[in-house]
Amino acid sequence: VTKNTDKLYQAGINGARLALWLSGVRLEVHGSEKIPHGCAAIYMPNHQSNCDPPAVISILPPVLVLAKQEFFRVPVLGTAMVYRGFIPVNRKNREQALAAMEQAVESMKAGNSFLAFPEGTRSPDGRLQTLKKGLFVMAIKAGALIVPVSASGARKIMPKGKFAIYPGLVRITIHDP
């Protein structure tokens, strides 16, 4: 009603933390002191598992997300993501993907930070894949910091192609911007 999504965002983060906890997933975080404050940044973690997004977003300050457009089709969640300013990316249509990147540039120029996975999709074997250049171009155009984030252990918790979640430890390291 008020268009202020801060409480909705916090409820989503709390829900992500609860889901991780209920699944037996523990987080070990290193480098929290390297999180920049007072400026736009794009956090770029590796992507091993569907466990990565809730694990990483739950330890960051408020961020927007560049996500594949399929997530925006989920009832209620999709609407909430749009209201918050998350940006859908059509990975099958280059022009629409570029338009989404330009929208994110404008949002970062307005001071918003983003979470996005530069590999573009989950790694099939846990090794880092070739990074897509679009996120780097986006950060340069916006004058935003790039903050590398590494996550390990998530692949064992939720391997690509499996829906099961296994208890375990995800180590997240925030590197120098």
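Preceding block: the structure.
Below or above, wherever it landed, is the structure these notes cover. (Residues numbered from 1 in each chain as written. Predicted model: local features only at pLDDT ≥ 70, side-chain atom pairs only at ≥ 80, totals over all residues. Heavy atoms only, no water.)

## Section: the overall build of the protein chain
So, point 1. In terms of helices and strands, the protein chain carries 6 helices and 7 strands.
So, point 2. Start at the N end of the protein chain and walk to the C end: the helices and strands fall as α-β-β-α-β-α-β-α-β-α-β-α-β.
So, point 3. Based on the C-alpha atoms only, the size of the protein chain along its principal axes is roughly 40 × 40 × 35 Å.
So, point 4. Across the 177 residues that make up the protein chain, the buried fraction comes to 41%. (Helix = DSSP H or I, 4+ residues; strand = E, 2+ residues; numbered from the N terminus. Buried < 20%, exposed > 50% of the residue type's maximum accessible area, 1.4 Å probe, protein only.)

## What about the pairing of strand β3 (residues 64-68)?
So, point 1. β3 sits mainly inside the fold: 4 of its 5 residues count as buried.
So, point 2. Looking at chain direction, β3 and strand β4 (residues 87-89) are connected through 3 bridges and run parallel. Of the residues in β4, the one forming a bridge with A67 is P88.
So, point 3. With respect to chirality, the unit in which β3 leads through helix α3 (residues 77-84) into the neighbouring parallel β4 is right-handed. (Pairing = 2+ DSSP bridges. Right-handed = clockwise from strand over helix to strand, strands pointing away.)

## Some details on helix α5 (residues 134-142)
So, point 1. All of the buried residues in α5 are L135, M138, A139 and A142. Taken end-on, α5 shows its buried residues confined to a sector of 95°, consistent with a single buried face.
So, point 2. Those residues of α5 that are buried are in contact with β2 (41-45), β3, α4 (94-109) and β6 (145-152).
So, point 3. At the exit of α5 stands G143, carrying a positive phi of roughly 70°. (Arc of directions from axis to C-beta. Contact = heavy atoms within 4.5 Å.)

## What to know about the environment of E28
So, point 1. Relative to the helices and strands, E28 resides in strand β1 (residues 25-30).
So, point 2. Accessibility expressed as a relative area gives 30% for E28, which makes it partly exposed.
So, point 3. The residues touching E28, leaving out its near neighbours within four places in the chain, are L169, V170, R171 and I172.
So, point 4. Only 2.9 Å separates the side chain of E28 from the side chain of H30, close enough to count as a polar contact.
So, point 5. Side chain to side chain, E28 and R171 meet in a polar contact 3.3 Å long. (Polar contact = N/O pair within 3.5 Å; in protein donor to acceptor, adjacent residues only side chain to side chain.)

## Focus on the nonpolar core
So, point 1. With 50 residues, the main nonpolar core has I42, Y43, L66, L115, M138 and V170 as its most contacted residues.
So, point 2. Of the residues forming this core, the biggest block, 6 residues, is contributed by α4.
So, point 3. With sequence-adjacent residues up to four places away left out, V170 is seen in contact with V25, R26, L27, E28, C51, A55, A151, S152, G153, A154 and I157. (Core = buried A, V, L, I, M, F, W, Y, C linked by side-chain atoms within 4.5 Å.)

## A short note on the pattern of salt bridges
So, point 1. Throughout the structure, instances matching the rule amount to 5 salt bridges.
So, point 2. Among the ionic pairs, D6 bridges to R84, the shortest N-O distance being 2.9 Å. Here D6, found in helix α1 (residues 6-22), pairs with R84, found in helix α3; they are 78 residues apart in sequence, far enough to count as distant.
So, point 3. The class for R84 is buried, based on a relative accessible area of 18%.
So, point 4. Across the pair E28 and R171 runs a salt bridge whose closest N-O atoms are separated by 3.3 Å. Here E28, found in strand β1, pairs with R171, found in strand β7 (residues 168-174); they are 143 residues apart in sequence, far enough to count as distant. (Salt bridge = Lys/Arg side-chain N within 4 Å of Asp/Glu carboxyl O.)

Worth remembering: the numbers are spatial, not functional.
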